[in-house]
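Listed below, chain by chain, are the residues.
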Amino acid sequence: RQWRSQGLIGAEDGEGFRPEDVEKVRLVQTFLRRGISLEAVARADSQQGFLDHYLGLLFPEGITPTYSLAEAAEMIGLDLDILRGVWEASGLSQQGEALREEDIEGIRCFKVALEAGLPEEAVMQLVRVYSDALGRVGEAETRLFHFYVHERLKAAGVSGSDLMDTTQAAENRLKPLIEPSILYFHSKGWERALREDAVMHMAEEAGLTEKAEAPGQLERAITFVDLSSFTPLSEAMGDVKAAEVLERFSTLVRQAAGRWDGRVVKQIGDAFMLVFSEPRSAVACALEIEARTEGEPQFPAVRSGVHWGSVLYREGDYVGSNVNIAARVAAEAGRHQVLVTSAVRKEAKGLAEVEFVRLGKRRLKGLAEELELFEARPSGTEAREKVVDPVCGMELGPGEAAATLTLEGEERAFCSDECLRRFVAAPEKYPA
(Lines give C-alpha, C1' and ligand atoms only; values in the text may rest on other atoms or scores of the structure.)
Protein backbone atom coordinates (compact mmCIF):
# COMPACT_ATOMS: atom_id res chain seq x y z
CA ARG A 1 0.00 0.00 0.00
CA GLN A 2 2.86 2.34 0.81
CA TRP A 3 4.57 1.68 -2.51
CA ARG A 4 1.28 2.09 -4.38
CA SER A 5 0.63 5.40 -2.62
CA GLN A 6 3.97 6.64 -3.95
CA GLY A 7 3.11 5.58 -7.50
CA LEU A 8 5.71 2.82 -7.72
CA ILE A 9 3.31 -0.05 -8.40
CA GLY A 10 -0.34 -0.62 -9.24
CA ALA A 11 -2.76 0.98 -11.63
CA GLU A 12 -4.04 4.46 -10.85
CA ASP A 13 -7.70 3.50 -11.27
CA GLY A 14 -7.91 0.05 -9.72
CA GLU A 15 -6.90 -2.38 -7.01
CA GLY A 16 -5.27 -4.94 -9.26
CA PHE A 17 -1.64 -5.47 -10.17
CA ARG A 18 0.03 -6.38 -13.45
CA PRO A 19 2.93 -8.76 -14.14
CA GLU A 20 5.07 -5.63 -14.56
CA ASP A 21 4.36 -4.74 -10.93
CA VAL A 22 5.85 -8.03 -9.77
CA GLU A 23 9.11 -7.17 -11.55
CA LYS A 24 9.02 -3.64 -10.14
CA VAL A 25 8.68 -5.10 -6.66
CA ARG A 26 11.78 -7.23 -7.29
CA LEU A 27 13.72 -4.13 -8.37
CA VAL A 28 12.58 -2.07 -5.38
CA GLN A 29 13.44 -4.90 -3.00
CA THR A 30 16.95 -4.98 -4.45
CA PHE A 31 17.32 -1.21 -3.99
CA LEU A 32 16.21 -1.41 -0.36
CA ARG A 33 18.61 -4.29 0.38
CA ARG A 34 21.46 -2.16 -1.00
CA GLY A 35 20.64 0.71 1.36
CA ILE A 36 18.73 2.95 -1.09
CA SER A 37 15.73 4.61 0.55
CA LEU A 38 12.21 4.22 -0.77
CA GLU A 39 11.96 8.01 -1.04
CA ALA A 40 14.99 8.11 -3.38
CA VAL A 41 13.47 5.38 -5.55
CA ALA A 42 10.11 7.19 -5.72
CA ARG A 43 11.81 10.48 -6.59
CA ALA A 44 13.85 8.93 -9.44
CA ASP A 45 10.79 7.13 -10.74
CA SER A 46 8.58 10.23 -10.78
CA GLN A 47 11.27 12.43 -12.37
CA GLN A 48 12.81 9.96 -14.84
CA GLY A 49 10.39 7.05 -15.22
CA PHE A 50 13.19 4.97 -13.69
CA LEU A 51 11.39 1.66 -13.08
CA ASP A 52 9.65 1.58 -16.47
CA HIS A 53 12.97 2.40 -18.16
CA TYR A 54 14.71 -0.59 -16.61
CA LEU A 55 11.76 -2.90 -17.18
CA GLY A 56 11.98 -1.96 -20.85
CA LEU A 57 15.66 -2.96 -20.84
CA LEU A 58 15.05 -6.18 -18.90
CA PHE A 59 12.04 -7.29 -20.93
CA PRO A 60 12.19 -5.71 -24.40
CA GLU A 61 9.57 -8.17 -25.71
CA GLY A 62 7.30 -7.68 -22.73
CA ILE A 63 6.81 -9.89 -19.68
CA THR A 64 5.72 -13.40 -20.58
CA PRO A 65 3.83 -15.86 -18.33
CA THR A 66 5.80 -18.03 -15.92
CA TYR A 67 5.72 -21.78 -15.34
CA SER A 68 6.85 -24.01 -12.51
CA LEU A 69 9.75 -26.43 -12.97
CA ALA A 70 7.30 -29.32 -13.16
CA GLU A 71 5.21 -27.57 -15.83
CA ALA A 72 8.34 -26.66 -17.80
CA ALA A 73 9.65 -30.24 -17.61
CA GLU A 74 6.39 -31.52 -19.06
CA MET A 75 6.37 -28.88 -21.81
CA ILE A 76 9.97 -29.64 -22.81
CA GLY A 77 9.69 -33.40 -22.36
CA LEU A 78 12.65 -33.51 -19.99
CA ASP A 79 13.11 -35.38 -16.74
CA LEU A 80 12.35 -33.05 -13.81
CA ASP A 81 15.61 -33.87 -11.96
CA ILE A 82 17.66 -33.13 -15.09
CA LEU A 83 15.79 -29.87 -15.62
CA ARG A 84 16.41 -28.87 -12.02
CA GLY A 85 20.12 -29.67 -12.47
CA VAL A 86 20.33 -27.48 -15.59
CA TRP A 87 18.42 -24.70 -13.83
CA GLU A 88 20.78 -24.71 -10.86
CA ALA A 89 23.95 -25.15 -12.94
CA SER A 90 22.99 -22.10 -14.99
CA GLY A 91 22.73 -19.92 -11.89
CA LEU A 92 19.17 -18.98 -12.81
CA SER A 93 17.71 -20.50 -9.66
CA GLN A 94 18.13 -17.04 -8.09
CA GLN A 95 14.92 -16.04 -9.87
CA GLY A 96 13.12 -18.85 -8.03
CA GLU A 97 11.35 -21.73 -9.72
CA ALA A 98 9.41 -19.50 -12.10
CA LEU A 99 10.48 -20.11 -15.70
CA ARG A 100 9.54 -17.74 -18.49
CA GLU A 101 9.01 -18.74 -22.09
CA GLU A 102 12.54 -17.69 -23.06
CA ASP A 103 13.90 -19.92 -20.27
CA ILE A 104 11.98 -22.88 -21.62
CA GLU A 105 13.20 -22.30 -25.16
CA GLY A 106 16.79 -21.99 -23.95
CA ILE A 107 16.61 -25.26 -22.02
CA ARG A 108 15.18 -27.06 -25.07
CA CYS A 109 18.66 -26.65 -26.62
CA PHE A 110 20.20 -28.77 -23.89
CA LYS A 111 17.55 -31.43 -24.34
CA VAL A 112 18.62 -31.65 -27.99
CA ALA A 113 22.25 -31.92 -26.85
CA LEU A 114 21.32 -34.86 -24.62
CA GLU A 115 19.45 -36.52 -27.47
CA ALA A 116 22.46 -35.98 -29.76
CA GLY A 117 24.64 -38.09 -27.46
CA LEU A 118 26.21 -35.70 -24.95
CA PRO A 119 25.99 -37.31 -21.50
CA GLU A 120 24.37 -35.40 -18.65
CA GLU A 121 27.78 -34.71 -17.07
CA ALA A 122 29.02 -32.96 -20.24
CA VAL A 123 25.79 -30.98 -20.64
CA MET A 124 26.05 -29.65 -17.08
CA GLN A 125 29.63 -28.54 -17.72
CA LEU A 126 28.55 -26.79 -20.90
CA VAL A 127 25.69 -25.04 -19.07
CA ARG A 128 28.11 -23.69 -16.45
CA VAL A 129 30.59 -22.50 -19.08
CA TYR A 130 27.88 -20.67 -21.05
CA SER A 131 26.44 -19.13 -17.90
CA ASP A 132 29.77 -18.00 -16.44
CA ALA A 133 31.29 -16.72 -19.68
CA LEU A 134 28.24 -14.89 -21.00
CA GLY A 135 27.35 -13.62 -17.54
CA ARG A 136 30.75 -11.95 -17.52
CA VAL A 137 30.05 -10.53 -20.98
CA GLY A 138 26.70 -9.12 -19.87
CA GLU A 139 28.26 -7.58 -16.78
CA ALA A 140 31.07 -5.98 -18.81
CA GLU A 141 28.58 -4.51 -21.30
CA THR A 142 26.48 -2.82 -18.62
CA ARG A 143 29.37 -1.76 -16.36
CA LEU A 144 31.45 -0.23 -19.14
CA PHE A 145 28.43 1.59 -20.58
CA HIS A 146 27.67 3.00 -17.13
CA PHE A 147 31.26 4.09 -16.40
CA TYR A 148 32.17 5.49 -19.82
CA VAL A 149 28.86 6.80 -21.18
CA HIS A 150 26.37 7.43 -18.40
CA GLU A 151 28.88 8.85 -15.87
CA ARG A 152 30.58 11.04 -18.46
CA LEU A 153 27.23 12.49 -19.50
CA LYS A 154 26.48 13.31 -15.86
CA ALA A 155 29.90 14.90 -15.47
CA ALA A 156 29.12 17.05 -18.51
CA GLY A 157 26.00 18.40 -16.75
CA VAL A 158 23.30 16.27 -18.39
CA SER A 159 20.62 15.31 -15.86
CA GLY A 160 17.01 14.27 -15.35
CA SER A 161 14.97 13.21 -18.36
CA ASP A 162 17.64 14.53 -20.72
CA LEU A 163 20.11 12.07 -19.19
CA MET A 164 17.68 9.18 -19.58
CA ASP A 165 16.86 10.13 -23.20
CA THR A 166 20.52 10.53 -24.17
CA THR A 167 21.59 7.24 -22.60
CA GLN A 168 18.60 5.51 -24.15
CA ALA A 169 19.61 6.78 -27.59
CA ALA A 170 23.15 5.43 -27.06
CA GLU A 171 21.76 2.09 -25.83
CA ASN A 172 19.54 1.83 -28.90
CA ARG A 173 22.58 2.23 -31.17
CA LEU A 174 24.75 -0.25 -29.28
CA LYS A 175 22.29 -3.02 -28.47
CA PRO A 176 21.99 -4.37 -32.04
CA LEU A 177 25.78 -4.92 -32.01
CA ILE A 178 25.75 -7.33 -29.06
CA GLU A 179 24.64 -10.57 -30.69
CA PRO A 180 26.76 -10.15 -33.87
CA SER A 181 29.81 -9.44 -31.69
CA ILE A 182 29.22 -12.51 -29.52
CA LEU A 183 28.69 -14.70 -32.58
CA TYR A 184 31.85 -13.31 -34.21
CA PHE A 185 34.12 -14.08 -31.26
CA HIS A 186 32.43 -17.43 -30.74
CA SER A 187 33.19 -18.34 -34.36
CA LYS A 188 36.85 -17.37 -33.85
CA GLY A 189 37.06 -19.45 -30.69
CA TRP A 190 35.32 -22.32 -32.50
CA GLU A 191 37.88 -22.16 -35.34
CA ARG A 192 40.77 -22.36 -32.93
CA ALA A 193 39.19 -25.19 -30.96
CA LEU A 194 38.55 -27.15 -34.17
CA ARG A 195 42.23 -26.89 -35.14
CA GLU A 196 43.22 -28.24 -31.74
CA ASP A 197 40.61 -30.97 -32.11
CA ALA A 198 42.13 -31.96 -35.47
CA VAL A 199 45.55 -32.22 -33.80
CA MET A 200 44.12 -34.41 -31.03
CA HIS A 201 42.48 -36.77 -33.55
CA MET A 202 45.64 -36.99 -35.65
CA ALA A 203 47.79 -37.66 -32.58
CA GLU A 204 45.45 -40.51 -31.65
CA GLU A 205 45.63 -41.93 -35.18
CA ALA A 206 49.44 -41.73 -35.10
CA GLY A 207 49.59 -43.54 -31.77
CA LEU A 208 51.17 -40.58 -29.98
CA THR A 209 48.67 -40.51 -27.12
CA GLU A 210 47.72 -43.11 -24.57
CA LYS A 211 44.16 -44.06 -23.74
CA ALA A 212 42.79 -41.69 -21.11
CA GLU A 213 41.64 -43.03 -17.77
CA ALA A 214 38.78 -40.54 -17.59
CA PRO A 215 36.92 -38.24 -20.01
CA GLY A 216 38.77 -34.95 -20.45
CA GLN A 217 42.17 -36.28 -19.40
CA LEU A 218 45.03 -35.03 -21.56
CA GLU A 219 48.67 -33.94 -21.45
CA ARG A 220 49.24 -30.21 -21.24
CA ALA A 221 51.90 -27.68 -20.25
CA ILE A 222 50.57 -25.33 -17.57
CA THR A 223 52.20 -21.94 -17.01
CA PHE A 224 51.58 -19.45 -14.23
CA VAL A 225 53.03 -15.96 -14.58
CA ASP A 226 52.63 -12.92 -12.34
CA LEU A 227 54.25 -9.67 -11.24
CA SER A 228 56.65 -10.23 -8.36
CA SER A 229 55.84 -7.03 -6.44
CA PHE A 230 52.29 -6.09 -7.41
CA THR A 231 50.98 -5.81 -3.84
CA PRO A 232 53.52 -3.20 -2.65
CA LEU A 233 53.18 -1.43 -6.00
CA SER A 234 49.41 -1.11 -5.50
CA GLU A 235 49.87 0.11 -1.94
CA ALA A 236 52.49 2.70 -2.89
CA MET A 237 51.06 3.97 -6.18
CA GLY A 238 47.31 3.51 -5.71
CA ASP A 239 44.81 1.31 -7.49
CA VAL A 240 44.47 3.45 -10.62
CA LYS A 241 48.21 3.45 -11.42
CA ALA A 242 48.46 -0.24 -10.53
CA ALA A 243 45.56 -0.98 -12.88
CA GLU A 244 47.43 0.79 -15.69
CA VAL A 245 50.48 -1.40 -15.08
CA LEU A 246 48.28 -4.50 -14.99
CA GLU A 247 46.56 -3.51 -18.25
CA ARG A 248 49.95 -3.26 -19.98
CA PHE A 249 51.05 -6.58 -18.47
CA SER A 250 47.81 -8.24 -19.63
CA THR A 251 48.43 -7.02 -23.18
CA LEU A 252 51.99 -8.40 -23.20
CA VAL A 253 50.89 -11.78 -21.79
CA ARG A 254 48.07 -12.20 -24.29
CA GLN A 255 50.25 -11.18 -27.23
CA ALA A 256 52.95 -13.68 -26.26
CA ALA A 257 50.41 -16.46 -25.62
CA GLY A 258 48.89 -15.90 -29.05
CA ARG A 259 52.29 -16.08 -30.74
CA TRP A 260 53.07 -19.44 -29.13
CA ASP A 261 49.64 -21.08 -29.57
CA GLY A 262 48.81 -20.78 -25.90
CA ARG A 263 45.53 -19.84 -24.29
CA VAL A 264 44.84 -17.65 -21.28
CA VAL A 265 42.69 -19.89 -19.10
CA LYS A 266 42.06 -17.29 -16.42
CA GLN A 267 43.37 -14.19 -14.74
CA ILE A 268 43.23 -13.57 -10.99
CA GLY A 269 44.58 -10.14 -10.14
CA ASP A 270 48.08 -9.92 -11.61
CA ALA A 271 48.42 -13.71 -12.06
CA PHE A 272 47.70 -15.47 -15.35
CA MET A 273 47.23 -19.19 -15.96
CA LEU A 274 48.18 -20.26 -19.50
CA VAL A 275 47.85 -23.65 -21.17
CA PHE A 276 49.89 -25.07 -24.06
CA SER A 277 49.70 -28.31 -26.02
CA GLU A 278 53.43 -28.95 -25.56
CA PRO A 279 56.21 -27.70 -23.24
CA ARG A 280 58.49 -26.06 -25.82
CA SER A 281 55.91 -23.39 -26.62
CA ALA A 282 55.19 -22.87 -22.92
CA VAL A 283 58.87 -22.19 -22.13
CA ALA A 284 59.32 -19.97 -25.18
CA CYS A 285 56.23 -17.97 -24.24
CA ALA A 286 57.36 -17.49 -20.63
CA LEU A 287 60.77 -16.30 -21.82
CA GLU A 288 59.17 -13.88 -24.29
CA ILE A 289 56.97 -12.44 -21.54
CA GLU A 290 60.09 -12.01 -19.38
CA ALA A 291 62.02 -10.31 -22.21
CA ARG A 292 59.21 -7.98 -23.18
CA THR A 293 58.39 -6.89 -19.63
CA GLU A 294 62.07 -6.37 -18.85
CA GLY A 295 62.21 -4.03 -21.82
CA GLU A 296 59.35 -1.90 -20.50
CA PRO A 297 60.33 1.39 -18.81
CA GLN A 298 59.49 1.57 -15.10
CA PHE A 299 57.94 -1.88 -14.87
CA PRO A 300 57.93 -4.50 -12.09
CA ALA A 301 59.74 -7.81 -12.48
CA VAL A 302 57.91 -10.92 -13.66
CA ARG A 303 58.24 -14.53 -12.50
CA SER A 304 56.92 -17.73 -14.08
CA GLY A 305 56.54 -21.45 -13.42
CA VAL A 306 55.95 -24.20 -16.00
CA HIS A 307 55.01 -27.86 -15.53
CA TRP A 308 54.04 -30.62 -17.98
CA GLY A 309 51.80 -33.56 -17.23
CA SER A 310 48.35 -35.09 -17.22
CA VAL A 311 45.44 -32.77 -16.37
CA LEU A 312 41.65 -32.92 -16.46
CA TYR A 313 39.60 -30.57 -18.64
CA ARG A 314 36.52 -29.47 -16.69
CA GLU A 315 34.12 -26.59 -17.37
CA GLY A 316 36.56 -24.74 -19.62
CA ASP A 317 39.34 -25.02 -17.02
CA TYR A 318 42.16 -27.43 -16.24
CA VAL A 319 42.37 -29.13 -12.85
CA GLY A 320 44.47 -31.76 -11.12
CA SER A 321 47.68 -32.21 -9.16
CA ASN A 322 49.87 -31.13 -12.09
CA VAL A 323 48.10 -27.76 -12.22
CA ASN A 324 48.82 -27.35 -8.51
CA ILE A 325 52.48 -28.20 -9.10
CA ALA A 326 52.76 -25.52 -11.80
CA ALA A 327 51.31 -22.96 -9.39
CA ARG A 328 53.77 -23.96 -6.66
CA VAL A 329 56.71 -23.76 -9.06
CA ALA A 330 55.68 -20.21 -10.03
CA ALA A 331 55.43 -19.24 -6.36
CA GLU A 332 58.99 -20.51 -5.86
CA ALA A 333 60.35 -18.35 -8.68
CA GLY A 334 62.19 -15.13 -7.91
CA ARG A 335 62.34 -11.90 -9.86
CA HIS A 336 62.92 -12.53 -13.58
CA GLN A 337 63.01 -16.30 -13.11
CA VAL A 338 61.31 -18.84 -15.37
CA LEU A 339 61.33 -22.03 -13.32
CA VAL A 340 60.45 -25.37 -14.90
CA THR A 341 60.22 -28.94 -13.68
CA SER A 342 62.29 -31.89 -14.89
CA ALA A 343 59.31 -33.04 -16.97
CA VAL A 344 59.40 -29.75 -18.89
CA ARG A 345 63.17 -29.80 -19.25
CA LYS A 346 63.06 -33.33 -20.65
CA GLU A 347 60.51 -32.40 -23.33
CA ALA A 348 61.92 -28.96 -24.19
CA LYS A 349 65.67 -29.47 -23.82
CA GLY A 350 66.25 -29.06 -27.55
CA LEU A 351 64.70 -25.59 -27.62
CA ALA A 352 66.95 -23.30 -29.65
CA GLU A 353 68.96 -20.64 -27.80
CA VAL A 354 67.61 -21.68 -24.41
CA GLU A 355 69.63 -23.20 -21.57
CA PHE A 356 68.28 -24.99 -18.51
CA VAL A 357 70.25 -24.40 -15.31
CA ARG A 358 69.84 -27.10 -12.68
CA LEU A 359 68.82 -25.64 -9.32
CA GLY A 360 68.55 -28.91 -7.42
CA LYS A 361 65.64 -30.29 -5.47
CA ARG A 362 63.26 -27.99 -3.64
CA ARG A 363 60.51 -28.73 -1.15
CA LEU A 364 57.48 -26.75 -2.30
CA LYS A 365 54.54 -25.82 -0.13
CA GLY A 366 51.80 -28.45 -0.12
CA LEU A 367 53.85 -31.11 -1.94
CA ALA A 368 54.99 -34.22 -0.10
CA GLU A 369 57.99 -34.96 -2.34
CA GLU A 370 60.88 -32.68 -3.23
CA LEU A 371 60.82 -31.45 -6.82
CA GLU A 372 63.84 -30.98 -9.06
CA LEU A 373 63.74 -27.53 -10.64
CA PHE A 374 65.56 -25.83 -13.50
CA GLU A 375 65.80 -22.20 -14.53
CA ALA A 376 65.16 -21.58 -18.22
CA ARG A 377 67.30 -18.75 -19.62
CA PRO A 378 68.05 -17.37 -23.08
CA SER A 379 71.55 -18.43 -24.08
CA GLY A 380 74.24 -15.76 -24.14
CA THR A 381 72.10 -12.79 -23.09
CA GLU A 382 73.06 -10.18 -20.54
CA ALA A 383 70.54 -8.65 -18.20
CA ARG A 384 69.91 -4.92 -18.43
CA GLU A 385 71.37 -2.90 -15.58
CA LYS A 386 68.45 -1.89 -13.39
CA VAL A 387 67.77 -0.81 -9.84
CA VAL A 388 64.68 -1.63 -7.82
CA ASP A 389 62.54 0.95 -6.05
CA PRO A 390 62.54 -0.40 -2.45
CA VAL A 391 58.99 0.88 -1.80
CA CYS A 392 56.93 -0.30 -4.78
CA GLY A 393 59.29 -2.83 -6.38
CA MET A 394 59.31 -1.03 -9.73
CA GLU A 395 62.46 -1.66 -11.77
CA LEU A 396 64.25 1.40 -13.11
CA GLY A 397 66.71 1.52 -15.97
CA PRO A 398 69.37 4.21 -16.52
CA GLY A 399 67.79 7.66 -16.36
CA GLU A 400 64.37 6.38 -15.24
CA ALA A 401 64.66 7.23 -11.52
CA ALA A 402 62.59 10.23 -10.42
CA ALA A 403 64.60 10.63 -7.21
CA THR A 404 67.60 9.14 -5.42
CA LEU A 405 68.67 9.07 -1.81
CA THR A 406 71.97 8.05 -0.24
CA LEU A 407 71.58 6.44 3.17
CA GLU A 408 74.54 5.02 5.13
CA GLY A 409 76.66 5.10 2.00
CA GLU A 410 74.15 3.20 -0.14
CA GLU A 411 72.17 4.88 -2.91
CA ARG A 412 68.53 4.07 -3.40
CA ALA A 413 66.45 5.01 -6.44
CA PHE A 414 62.73 5.80 -6.53
CA CYS A 415 60.23 5.85 -9.37
CA SER A 416 58.32 8.82 -7.92
CA ASP A 417 58.40 11.46 -5.21
CA GLU A 418 55.61 9.58 -3.43
CA CYS A 419 57.80 6.48 -3.04
CA LEU A 420 60.65 8.67 -1.79
CA ARG A 421 58.31 10.29 0.76
CA ARG A 422 57.13 6.88 2.01
CA PHE A 423 60.73 5.68 2.38
CA VAL A 424 61.89 8.76 4.28
CA ALA A 425 58.89 8.46 6.63
CA ALA A 426 59.70 4.86 7.58
CA PRO A 427 62.99 3.55 6.09
CA GLU A 428 62.93 0.53 8.42
CA LYS A 429 59.92 -0.83 6.50
CA TYR A 430 61.90 -1.03 3.25
CA PRO A 431 65.20 -2.90 3.67
CA ALA A 432 67.63 -2.74 0.78
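Structure shown above.
Residues numbered from 1 in each chain as written. Predicted model: local features only at pLDDT ≥ 70, side-chain atom pairs only at ≥ 80, totals over all residues. Heavy atoms only, no water.

Draft legend 1. Structural context of the pattern of salt bridges. Considering all chains together, one arrives at 23 salt bridges under this definition. Taking the shortest distance from any N to any O, the salt bridge between Asp-226 and Arg-303 comes out at 2.9 Å. Of the two residues, Asp-226 is situated in strand 3 (residues 217-227) and Arg-303 in strand 7 (residues 302-314); the sequence distance between them amounts to 77 residues. Here Arg-292 and Glu-288 are joined by a salt bridge, their closest N and O atoms 3.4 Å apart. Placement of the pair is Arg-292 and Glu-288 together in helix 13 (residues 279-294), with a separation of four residues, close to one helical turn. Members of the salt-bridge network, linked through shared partners, are Glu-23, Arg-26 and Arg-100. (Salt bridge = Lys/Arg side-chain N within 4 Å of Asp/Glu carboxyl O. Helix = DSSP H or I, 4+ residues; strand = E, 2+ residues; numbered from the N terminus.)

Draft legend 2. Seen up close, the pairing of strand 15 (residues 410-414). Of the strand pairs in this sheet, strand 14 (residues 403-407) and strand 15 are connected by five bridges, and their pairing is antiparallel. What sits directly across from Ala-403, in strand 15, is Phe-414. Linking two consecutive strands that pair antiparallel, namely strand 14 and strand 15, is a turn of two residues; a positive phi of about 55 degrees is found at Glu-408 within it. (Pairing = 2+ DSSP bridges.)

Draft legend 3. Geometry of the packing of aromatic side chains. Here the structure, examined in full by the defined rule, presents eight aromatic pairs. Ring centres of Tyr-313 and Tyr-318 lie 5.3 Å apart, and the angle between their planes is 70 degrees; this geometry places the pair in the edge-to-face category. We classify Tyr-313 as partly exposed; its relative accessible area is 36%. On the basis of relative accessibility, which here comes to 9%, the residue Tyr-318 falls in the buried class. Geometrically, the ring pair formed by Phe-414 and Phe-423 is tilted, given 5.3 Å between the ring centres and 55 degrees between the ring planes. Exposure remark for Phe-423: the relative accessible area of 1% places this residue in the buried category. (Phe/Tyr/Trp six-rings, centres within 6.5 Å; stacked < 30°, edge-to-face > 60°. Buried < 20%, exposed > 50% of the residue type's maximum accessible area, 1.4 Å probe, protein only.)

Draft legend 4. Highlighting the packing of helix 3 (residues 38-48) against helix 4 (residues 50-58). Helix 4 packs onto helix 3 with a crossing angle of 80 degrees between their chain directions and a minimal axis gap of 6 Å. Overall, the two elements helix 3 and helix 4 adopt an arrangement that is roughly perpendicular. Here Ala-44, Asp-45 and Gln-48 of helix 3 come into contact with helix 4, specifically with Phe-50, Leu-51 and Asp-52. In terms of residue class, the contact of helix 3 with helix 4 is built from three nonpolar, one polar and two charged. (Axes fitted to C-alpha atoms, helices over the stretch in contact; angles between N-to-C directions. Parallel < 35°, antiparallel > 145°, perpendicular 65-115°, else oblique. Contact = heavy atoms within 4.5 Å. Nonpolar A, V, L, I, M, F, W, Y, C, P; charged D, E, K, R; others polar.)

Draft legend 5. Spatial organisation of the nonpolar core. Within the largest apolar cluster, 47 residues are counted, with the highest numbers of intra-cluster contacts made by Phe-249, Leu-274, Val-283, Ile-289 and Val-340. Setting aside residues up to four positions removed in sequence, Ile-289 forms contacts with Val-225, Phe-249, Val-253, Ala-256, Leu-274 and Val-302. (Core = buried A, V, L, I, M, F, W, Y, C linked by side-chain atoms within 4.5 Å.)

Draft legend 6. Expanded view of unusual backbone geometry. Its identity is not glycine, yet Asp-261 carries a phi of approximately 60 degrees, on the positive side. Looking at the element boundaries, Asp-261 is found in the loop between helix 12 (239-259) and strand 4 (263-268). The backbone of His-336 shows a phi angle near 70 degrees, a positive value even though the residue is not glycine. For His-336, a relative accessible area of 26% gives the class partly exposed.

Draft legend 7. Layout of the pairing of strand 7. Sheet topology note: the strand 3/strand 7 ladder contains 11 bridges and is antiparallel. Each bridged residue has a counterpart across the sheet, and for Arg-220 the counterpart in strand 7 is Gly-309. Pairing of strand 7 with strand 9 (residues 338-341) involves three bridges; the strand directions are parallel. Residue pairing across strands places Gly-305 opposite Leu-339, the latter belonging to strand 9. With three bridges connecting them, strand 7 and strand 8 (residues 317-319) associate as antiparallel partners. Looking across to strand 8, one finds that Tyr-313 is bridged to Tyr-318.

Draft legend 8. Structural context of the environment of Tyr-184. Looking at the element boundaries, Tyr-184 is found in helix 10 (residues 178-205). Tyr-184 gets classed as partly exposed once you look at its relative accessible area, which sits at 46%. For the pair Tyr-184 and Ala-70, spaced 114 residues apart in sequence, the C-alpha separation works out to 36 Å.

Draft legend 9. Region of the structure containing the sheet that holds strand 6 (residues 299-300). The antiparallel open sheet is built from three strands, whose spatial order is 6-13-12. At either end of the open sheet lies a strand with only one pairing partner, and these are strand 6 and strand 12 (387-388). Alignment of strand 6 against strand 13 (residues 394-396), held across two bridges, turns out to be antiparallel. Residue pairing in the sheet places Phe-299 in a bridge with Glu-395 of strand 13.

Scope: geometric values only; no functional claims are made or implied.
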